[in-house]
2 protein chains.
Amino acid sequence: MLDFPAPSPTDHRVRDPDRPDPDRRAADTDSPPPARQARRGHGSVTLRDVALAAGVTAITVSRYLREPQVVAGETAERIRLALAETGYVPNKQAGGLASGVSNIVAALLPNLANSIFAETAQGLSDTLQAAGCELLITSTGYSLEREEEQVRALLGWRPGGIIVTGRRHSPATRALLEGARRAGTPVIEVWDYQAGPTRGAARSFTQVGFSHEVVGRAMADHLLQAGHRRLAYVDSGIAEDYRAHERGLAFAARAQEAGAGVTHLAAPKGDPFDAGRHMLQAMLDAPARQRVTAAAFANDHLACGALLEAGAQSVAVPKRLALLGFGDFSIARQLRPSLSSVALPRYEIGVTAAQALLRQRAGDDSPGHQALPWQLMARQSTGGG
Amino acid sequence: MLDFPAPSPTDHRVRDPDRPDPDRRAADTDSPPPARQARRGHGSVTLRDVALAAGVTAITVSRYLREPQVVAGETAERIRLALAETGYVPNKQAGGLASGVSNIVAALLPNLANSIFAETAQGLSDTLQAAGCELLITSTGYSLEREEEQVRALLGWRPGGIIVTGRRHSPATRALLEGARRAGTPVIEVWDYQAGPTRGAARSFTQVGFSHEVVGRAMADHLLQAGHRRLAYVDSGIAEDYRAHERGLAFAARAQEAGAGVTHLAAPKGDPFDAGRHMLQAMLDAPARQRVTAAAFANDHLACGALLEAGAQSVAVPKRLALLGFGDFSIARQLRPSLSSVALPRYEIGVTAAQALLRQRAGDDSPGHQALPWQLMARQSTGGG
DNA sequence: TTGAAAGCGCTAACAG
DNA sequence: CTGTTAGCGCTTTCAA
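Residues numbered from 1 in each chain as written. Chains lettered and ligands numbered in written order. Predicted model: local features only at pLDDT ≥ 70, side-chain atom pairs only at ≥ 80, totals over all residues. Heavy atoms only, no water.

1. Details of unusual backbone geometry
Residues and elements named next belong to chain A. Here Val 317 and Pro 318 are connected by a cis peptide whose omega angle stands at 10°. Inspection of the secondary structure assignment puts Pro 318 in the loop between α12 (300-312) and β9 (322-324). Residue Ser 314 is not a glycine yet carries a positive backbone phi of 55°. Topologically, Ser 314 is positioned in the loop between α12 and β9. (Helix = DSSP H or I, 4+ residues; strand = E, 2+ residues; numbered from the N terminus.)

2. Here's the deal with the interface of chain B and chain A
In this complex, chain B contributes 73 residues to the contact, which on the side of chain A involves 73 residues. Carbon and sulfur atoms supply 56% of the area buried between chain B and chain A, which totals about 6,200 Å² over both sides. In this structure, the connection of chain B to chain A is made through 4 salt bridges. Asp 274 of chain A is the salt-bridge partner of Arg 333 of chain B, the closest N and O atoms lying 3.0 Å from each other. Viewed at the interface, chain A and chain B are joined by 29 residue pairs in polar contact (both at pLDDT 80 or more). Among the secondary structure elements, those contributing two or more residues to the side of chain B that touches chain A are α5 (92-99), α6 (115-130), β2 (134-139), α7 (144-155), α8 (171-182) and α11 (272-285) of chain B. Looking at the side of chain B that touches chain A residue by residue, the classes come out as 34 nonpolar, 23 polar and 16 charged. By the bridge criterion, 3 bridges tie strand β2 (residues 134-139) of chain A to β2 of chain B in an arrangement that is antiparallel. Counterpart to Ile 137 of chain A in the pairing with β2 of chain B is Leu 135 of chain B. (Contact = heavy atoms within 4.5 Å. Buried area = accessible area lost by both parts, 1.4 Å probe. Salt bridge = Lys/Arg side-chain N within 4 Å of Asp/Glu carboxyl O. Polar contact = N/O pair within 3.5 Å; in protein donor to acceptor, adjacent residues only side chain to side chain. Nonpolar A, V, L, I, M, F, W, Y, C, P; charged D, E, K, R; others polar. Pairing = 2+ DSSP bridges.)

3. Side note on the domain arrangement of chain A
Residue and element names in this part refer to chain A. One can read the domain layout of chain A as domain 1 (9-90), domain 2 (99-210 + 347-373) and domain 3 (212-343). Here domain 2 meets domain 3 over a buried area of about 1,200 Å², counting both sides, of which 52% is carbon and sulfur. For domain 2, the biggest contributors to the area lost against domain 3 are Tyr 142, Arg 168 and Phe 210; these three give 47% of the whole. Between the two partners, domain 2 and domain 3, sit 2 salt bridges. Inspection of the region where domain 2 meets domain 3 yields 7 residue pairs in polar contact (both at pLDDT 80 or more). Sorting elements by how many residues they give to the side of domain 2 that touches domain 3 places helix α6 (residues 115-130) first, with 3 residues. Residues of the side of domain 2 that touches domain 3, tallied by class, amount to 6 nonpolar, 4 polar and 4 charged. (Domains from an automatic or database assignment.)

4. Notes on the pattern of salt bridges
All names here are of chain B. By the definition in use, this model includes 30 salt bridges over all chains. Between Glu 246 and Arg 167 there is a salt bridge; the shortest N-O distance is 2.8 Å. Of this pair, Glu 246 sits in helix α10 (residues 242-257) while Arg 167 sits in the loop between β3 (161-165) and α8; the two residues are 79 residues apart in sequence, bridging distant segments of the chain. For the residue pair Glu 246 and Arg 167, the accessibility class agrees, reading buried in each case. (Buried < 20%, exposed > 50% of the residue type's maximum accessible area, 1.4 Å probe, protein only.)

5. With respect to the pairing of β3 of chain B
Residues and elements named next belong to chain B. Counting buried positions over the 5 residues of β3 gives 5, a clear majority of the element. Judged by which residues are buried, β3 turns out to be covered on both faces: Gly 161, Ile 163 and Thr 165 on one side and Ile 162 and Val 164 on the other are all buried. Pairing of β3 with strand β4 (residues 187-190) involves 4 bridges; the strand directions are parallel. Counterpart to Ile 162 in the pairing with β4 is Val 187. Note that the unit made of β3, α8 and β4 has a crossover that is right-handed. (Right-handed = clockwise from strand over helix to strand, strands pointing away.)

6. A short note on α12 of chain A
All names here are of chain A. Helix length check: α12, at 13 residues, gives a terminal C-alpha distance of 18 Å against a target of 18 Å (1.5 Å per residue), a fit within 8%. With 10 of 13 residues buried, α12 lies mostly within the body of the structure. By the burial criterion, the buried members of α12 are Asp 300, Leu 302, Ala 303, Cys 304, Gly 305, Ala 306, Leu 307, Leu 308, Glu 309 and Ala 310. Elements in contact with the buried residues of α12: β6 (230-235), α11 (272-285), β8 (294-297), β9 and β10 (341-343). (Expected span 1.5 Å × (residues − 1).)

7. Some points on the relation of the copies chain B and chain A
With an axial shift of 0.0 Å and an RMSD of 0.1 Å, the rotation relating chain B to chain A amounts to 180°. Expressed as an axis order, the relation between the two copies is that of a two-fold axis. When the interface residues of chain B are mapped onto chain A, 100% of them again fall at the interface, so both copies present the same face. (Least-squares fit on C-alpha atoms with pLDDT ≥ 70 in both.)

8. Some points on the sheet that holds strand β6 (residues 230-235) of chain B
Residues and elements named next belong to chain B. In space, the 4 strands of this open sheet follow the order β7-β6-β8-β9, with parallel pairing throughout. Each edge of the open sheet is held by one strand with a lone partner, namely β7 (261-266) and β9 (322-324). On average, each strand axis in the sheet is inclined to that of its neighbour by 20°, with strand direction left out of account. Looking at chain direction, strand β8 (residues 294-297) and β9 are connected through 3 bridges and run parallel. Paired with Ala 295 across the bridge in β9 is Leu 323. Docked against the sheet, helix α12 (residues 300-312) engages β6, β8 and β9, running at close to 155° with respect to β9. (Axes fitted to C-alpha atoms, helices over the stretch in contact; angles between N-to-C directions.)

9. Here we look at the sheet that holds β8 of chain A
All names here are of chain A. On the basis of which strands lie adjacent, the open sheet formed by 4 strands has the order β7-β6-β8-β9 and parallel pairing. Both edges of this open sheet fall to β7 (261-266) and β9, since each of them pairs with a single strand only. Ignoring which end each strand starts from, the neighbouring axes of this sheet average 20° apart. Two elements, β6 and β7, share 6 bridges in a ladder whose sense is parallel.

10. Examining empty space enclosed by the protein
Here the idea is plain: a probe the size of a water molecule rolls over the atoms and shows the empty space left. Counting across every chain of the model gives 3 cavities of 30 Å³ or more. Taken as a whole, the largest cavity spans an internal volume of roughly 50 Å³. Together, Leu 112, Ala 118, Ala 121 and Ile 137 of chain A together with Leu 112, Ala 118, Ala 121 and Ile 137 of chain B line the largest cavity. Of the residues belonging to the lining of the largest cavity, the class tally is 8 nonpolar, no polar and no charged. As a volume, the second largest cavity reaches approximately 50 Å³. Lining the second largest cavity are Met 283, Leu 284, Arg 291, Val 292, Arg 320 and Leu 321 of chain B. Here the lining of the second largest cavity is built from residues that sort into 4 nonpolar, no polar and 2 charged. (1 Å grid on protein atoms, 1.4 Å probe; cavity = no way out; pocket = protein on both sides within 12 Å on 5 of 7 lines; lining within 4 Å. Points joined across faces, edges and corners; volume = space filled by probe spheres on them.)

Written out as structure tokens, the structure reads:
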């Protein structure tokens, strides 16, 4: 970080000739003035510079910036001018250090490129920016170790709030987050909505999302209601995506409750469309007694791959095989047959989490958990629409 | 921002009983001790607390944290213990203020949800995180006014580098960025690679991207080489996306050079697949003498919409109408006919920009411009693959 | 309505 | 190898 000079058109820097001279200060004491090299500023325009140009002191400029109505009209006018003249940009590090308040919000998401989390990031960004907050964002790659490391680093900025993904964290992460929350920093968990990390435990932090267990069951229900008795759940290739696994487990549990057969498959890594194509092939190639009539997928890309491959191989969808996605990406309703899927509040999770955070920052200490609505979109690939 | 207590399991806060008492300090002078209320800390564990627990002074702990090899083995051991005991988390605001160096990198992108910029964000994040930097990200919504506002706000954090999108900025933004750069802060422009904002002008900041003019011409060339003489360019619905417009202008210029006819169309706002479908319809409905035989699109979503609508209406692609996208989203090669498109270094732009920034931060003051490779993927929709 | 003094938590500079 | 001193640029507290 280097400081920068005034960006004003005329670019005449206002330097303070009165800046206290450390040697002179030292002379106030009884000891002889040591010939120390004074530390100089980092070169940027400071409040003092503006104050000097306006003929007031720094604190008055500071006040004008924070509560303009307290400053007298004529003084305010001079400060306004000085501000423009010097091109002052307030140093937020100094401000945060002095006041103990920062407008930085830290967000940890598994991935920024994935359209699911990208839209959440957009929702966070839109809402926080409107409230004058800045977004410090990291991607954990679904790793709890990286999450821990990043939480630790981000806390160094003393953020005004923290947003993490999901309810599962390492013990150390949990301790750090709990410490932060005890000290009054809002902590929000997004993309999940369920009692604590272990079944039955209470919620630790504010949750904004939905229950993957409930969605998983609903996905099974949808296929069961269409009369299917031999189901498959195709999990994503990401081993650490516990939410996809939870949906799969709930899906299987519901199917078994209903006396239907369930196969659990795991998609290979790599391009998810290709993985979906591959999984369709695998289901077609399965021995007759393992053959399924309906498959649910961990995401729409996998499901679309399967749908396209089915088209290429003239496998009748949903007649021979019904397909159900998750995420309702915009491609889902464009294909023929159209893909049934679960529409998610991707963007809304970001907006709602940011709002909850801002509310808590403003002093509201209600838990603020929010179960957000999702919707199973029944389309042609499962015999609907 | 509120500070947080030690997150150590035992959570025994180490508070400094020796913390200098301001009243006692005042007593050193000749004036009578004023009964001022001392300002208290913000409640977090500080370097002093750790130092006290380790039986050293703050500066030694600070040194241990920054250059451990300078500290004696036995002292280091005690500090290590004290660090763990207190659960110290360094205050980066204080550190940045004191040292004038910050590991924050600010990035301004038009949009975080758009898969193009989302992947760039991921590239930035991956590379900067590996280098110990933090990413402060904002979305401008393609607005130069918002960009200006955000640059101003972000500079308040005295970032170690700034990444902006494109080479067009408001004059005030430009002045701010130039001030920052003069002071040694790297400024990188991504997603463009062209001489200055006005034709012929020199580049102002380091550019990492590609020339949209060259790509636009290449898109026209591809269609011309396939024998098309009546072309269309379908621009995006985003009025402020000057890069899409530049591609369109270059596309038209190249077509006209070759004596071919060109129509410029603008897609409506809203779902880009639907917009693409709508534009296909518009082209089919055009009067015979305006009928085109090939269309290039501002992005793959528009092109896919058109491709799917063509399929639905049994319009032969590429026989009756060739279609060419931009972006090479993964769906492009999945559809039948597969969509020709321009593959872009979406992720690489982020990685390369971050590397350039880190290099400049480390003192390399070469311009560091980087033209990144793109590739026209000739597939079935234009008679290839 | 404005100012003086002190301090936020840390690091640079120098001394030992 | 460790400590002392001063100061980064701002805000809080109190006084006028």
